[in-house]
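# Structure assessment
The lines below spell out each chain.
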Amino acid sequence: MTVSRAETRRRVSRFTETCRRRGLKVTHQRMEVFRELAASDEHPDAETIYERVRARLPTVSRDTVYRTLSALEAQGLVSRTDVLGGPARYDANTAPHHHFVCTACGRISDFRSEALDALPIPRSVESLGRIESAHVQVRGVCSTCAARKRRAGRRRRR
Ligand SMILES: [Zn+2]
Ligand SMILES: [Zn+2]
């Protein structure tokens, strides 16, 4: 699934505006990395982003893409999620949201919930360290994988 063109444009213009405000240089390569992420809602890992950017920008190096992602993350321009022991996944959706993670294919889908956003973090957490962000990760089998399993089950029974 991809993000709508209108939403991609909104994310890209928010990105350039934030960079300008903070005096960060928007190089061509940075822009391409961000644009790739902004057009995707599948939370790709750095390697996937590198492959996609390289398809359009053959001179880009893996190192540049990885460093760009870290720099953008440090600036809060993209967010990073770690799931199921795999590589870090990136997200250009910086609005508050939560994740549904498929335990079969690893797909991460965004969902919104004002009720979860408003969930108070227990005081005891503050004694563990400074809180930067919180989000809920729901795990399960996505509908695509569930349908595939159902089809496979039917075939086996025949
Ligand atoms: Zn799945
Ligand atoms: Zn997300």
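This structure is a prediction, so every number in the text was calculated from the model and none was measured.

This brings us to the packing of helix α2 (residues 28-38) against helix α4 (residues 62-74). Here α2 crosses α4 at 75°, and the two axes come no closer than 10 Å. The angle between the axes of α2 and α4 places the two elements in the roughly perpendicular class. Across the interface between the two elements, Gln 29, Arg 30, Val 33, Phe 34 and Leu 37 from α2 touch Thr 64, Val 65, Thr 68, Leu 69, Ala 71 and Leu 72 from α4. Here the residues of the contact of α2 with α4 are counted per class, giving seven nonpolar, three polar and one charged.

Moving on: the packing of aromatic side chains. One pass over the structure, following the stated rule, counts one aromatic pair. With a centroid separation of 4.0 Å and an interplanar angle of 5°, the aromatic rings of Phe 15 and Phe 34 are classed as stacked. One end of the pair, Phe 15, is in helix α1 (residues 5-22); the other, Phe 34, is in helix α2, and 19 residues separate them in sequence. Assessed through its relative accessible area of 2%, Phe 15 is described here as buried.

So, about the coordination of the zinc ion (ligand 2). Taken together, the protein donors to the zinc ion (ligand 2) comprise His 43 (NE2), Asp 91 (OD), His 97 (NE2), His 99 (NE2) and Asp 110 (OD), at separations of 1.9 to 2.2 Å. The sequence motif formed by the donor residues of the zinc ion (ligand 2) is H-x47-D-x5-H-x1-H-x10-D. Of this pair, His 43 sits in the loop between α2 and α3 (46-56) while Asp 110 is found in strand β4 (residues 108-111), placing the two residues 67 residues apart along the sequence. On the basis of relative accessibility, which here comes to 29%, the residue Asp 110 falls in the partly exposed class.

Let's shift gears to the coordination of the zinc ion (ligand 1). Protein coordination at the zinc ion (ligand 1): the donors are Cys 102 (SG), Cys 105 (SG), Cys 142 (SG) and Cys 145 (SG), at 2.3 Å from the metal. Each of the four donor atoms around the zinc ion (ligand 1) contributes to a set of angles spanning 105 to 120°, which defines the coordination as tetrahedral. Counting gaps between the donor residues of the zinc ion (ligand 1) yields the pattern C-x2-C-x36-C-x2-C. Placement of Cys 102 in strand β3 (residues 98-102) and of Cys 142 in the loop between β5 (137-140) and α7 (143-157) is noted, with a sequence separation of 40 residues between them. Judged by relative accessible area, Cys 102 falls into the buried class, the value being 0%.

Its 18 residues give α1 an end-to-end C-alpha distance of 26 Å, which sits within 8% of 26 Å, the value for a rise of 1.5 Å per residue. Downstream of α1 by one or two residues, Gly 23 has phi in the positive range, about 70°.

Glancing now at the domain arrangement of the chain. Once the domains are mapped, the chain shows domain 1 (5-90) and domain 2 (96-157). Once you take the C-alpha centre of each, domain 1 and domain 2 turn out to be 22 Å apart. Opposite the eight residues of domain 1 that make contact, domain 2 presents 13 residues. Here domain 1 and domain 2 share an interface that buries about 800 Å² over both sides, 55% of which is from carbon and sulfur atoms. Viewed at the interface, domain 2 and domain 1 are joined by one salt bridge. Where Asp 41 meets Arg 107, a salt bridge forms, and the shortest distance between an N and an O atom there is 3.9 Å. Across the side of domain 1 that touches domain 2, the residue classes break down as two nonpolar, two polar and four charged.

Further remarks concern the sheet that holds β4. Taking strand neighbours across the sheet as the criterion, the three strands line up as β4-β3-β5 in an open arrangement whose pairing is mixed. Of all the strands in the sheet, the pair left with one neighbour each is β4 and β5. Pairs of neighbouring strands in the sheet enclose a mean axial angle of 25°, with direction left out of account. Here β3 runs beside β5; their pairing, made up of four bridges, is parallel. Pairing of Val 101 across the sheet is with Arg 139, part of β5.

Here is what the cut-offs are and how they apply
Residues numbered from 1 in each chain as written. Chains lettered and ligands numbered in written order. Predicted model: local features only at pLDDT ≥ 70, side-chain atom pairs only at ≥ 80, totals over all residues. Heavy atoms only, no water. Axes fitted to C-alpha atoms, helices over the stretch in contact; angles between N-to-C directions. Helix = DSSP H or I, 4+ residues; strand = E, 2+ residues; numbered from the N terminus. Parallel < 35°, antiparallel > 145°, perpendicular 65-115°, else oblique. Contact = heavy atoms within 4.5 Å. Nonpolar A, V, L, I, M, F, W, Y, C, P; charged D, E, K, R; others polar. Phe/Tyr/Trp six-rings, centres within 6.5 Å; stacked < 30°, edge-to-face > 60°. Buried < 20%, exposed > 50% of the residue type's maximum accessible area, 1.4 Å probe, protein only. Donors = N, O, S within 2.8 Å, 3.2 Å for Na, K, Ca; no water. Tetrahedral: all angles 85-135°; square planar, octahedral: opposite > 155°, others 65-115°. Expected span 1.5 Å × (residues − 1). Domains from an automatic or database assignment. Buried area = accessible area lost by both parts, 1.4 Å probe. Salt bridge = Lys/Arg side-chain N within 4 Å of Asp/Glu carboxyl O. Pairing = 2+ DSSP bridges.

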